[in-house]
Amino acid sequence: MNGRNIRKVSHGCHYFFVRPGRKANVHKAAARLIGIRKVKEVAITEGDYGFVVKTNDLQDGESRFVKEIAKAVGGSSRKAVCHCSYIKN
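Described below are features of the structure shown in this document. (Residues numbered from 1 in each chain as written. Predicted model: local features only at pLDDT ≥ 70, side-chain atom pairs only at ≥ 80, totals over all residues. Heavy atoms only, no water.)

Time to look at unusual backbone geometry. One non-glycine residue with positive phi stands out, namely Lys-38, at about 80°. Judged by relative accessible area, Lys-38 falls into the partly exposed class, the value being 24%. (Buried < 20%, exposed > 50% of the residue type's maximum accessible area, 1.4 Å probe, protein only.)

Here it is, written out as structure tokens:
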């Protein structure tokens, strides 16, 4: 693959790795997560976490956002901050 097919995008977003509660209905929880303001994408995953949630940059209100995630899925989350990403054209 040559470098012309890939572009670097500098933007701020966050990824939250979400561990749902034990009795959570996966599809209902995903629908509640996508309904949270500033959420751009929700992926249902397998492994240590049940969801990966992509958000807009959370300049303020991050603690409130984490509480909204916990309320939506009855579990916990961990954050990864994205400073830049590479995208295929």
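Let's shift gears to the packing of aromatic side chains. Under the counting rule described, the total for this entry stands at 2 aromatic pairs. Seen from their ring centres, Phe-16 and Phe-65 are 5.1 Å apart, and the 50° between their planes marks the pair as tilted. Separated by 49 residues along the polypeptide, Phe-16 in strand β2 (residues 13–19) and Phe-65 in helix α2 (residues 62–73) bring together distant segments of the chain. Exposure remark for Phe-65: the relative accessible area of 3% places this residue in the buried category. Pairing Phe-17 with Tyr-49 gives two aromatic rings, centres 5.9 Å apart and planes at 50°, and the pair type is tilted. Of this pair, Phe-17 sits in strand β2 while Tyr-49 sits in the loop between β3 (39–44) and β4 (51–56); the two residues are 32 residues apart in sequence, bridging distant segments of the chain. (Phe/Tyr/Trp six-rings, centres within 6.5 Å; stacked < 30°, edge-to-face > 60°. Helix = DSSP H or I, 4+ residues; strand = E, 2+ residues; numbered from the N terminus.)

In this section: α2. The end-to-end C-alpha distance of α2, which contains 12 residues, comes to 17 Å, matching closely the 16 Å that a straight helix rising 1.5 Å per residue would cover. Of all the residues in α2, the buried ones are Phe-65, Ile-69, Ala-72 and Val-73. Projected down its long axis, α2 carries its buried residues within an arc of 75°, all on one side. Residues of α2 that are exposed and angled more than 90 degrees away from the buried face: Ser-63, Arg-64, Lys-67 and Lys-71. Here the buried face of α2 lies against β2, α1 (26–34), β3, β4 and β5 (76–82). Immediately downstream of α2, the backbone of Gly-74 shows phi near 65°, a positive value. (Expected span 1.5 Å × (residues − 1). Arc of directions from axis to C-beta. Contact = heavy atoms within 4.5 Å.)

Pairing of β2 with β4, which is carried by 6 bridges, proceeds in the antiparallel orientation. By the bridge assignment, Val-18 is partnered in β4 with Phe-51. In the sheet, β2 pairs with β5 via 7 bridges, with the strands oriented antiparallel. From the neighbouring strand, His-14 faces β5, where its bridge partner is Val-81. (Pairing = 2+ DSSP bridges.)

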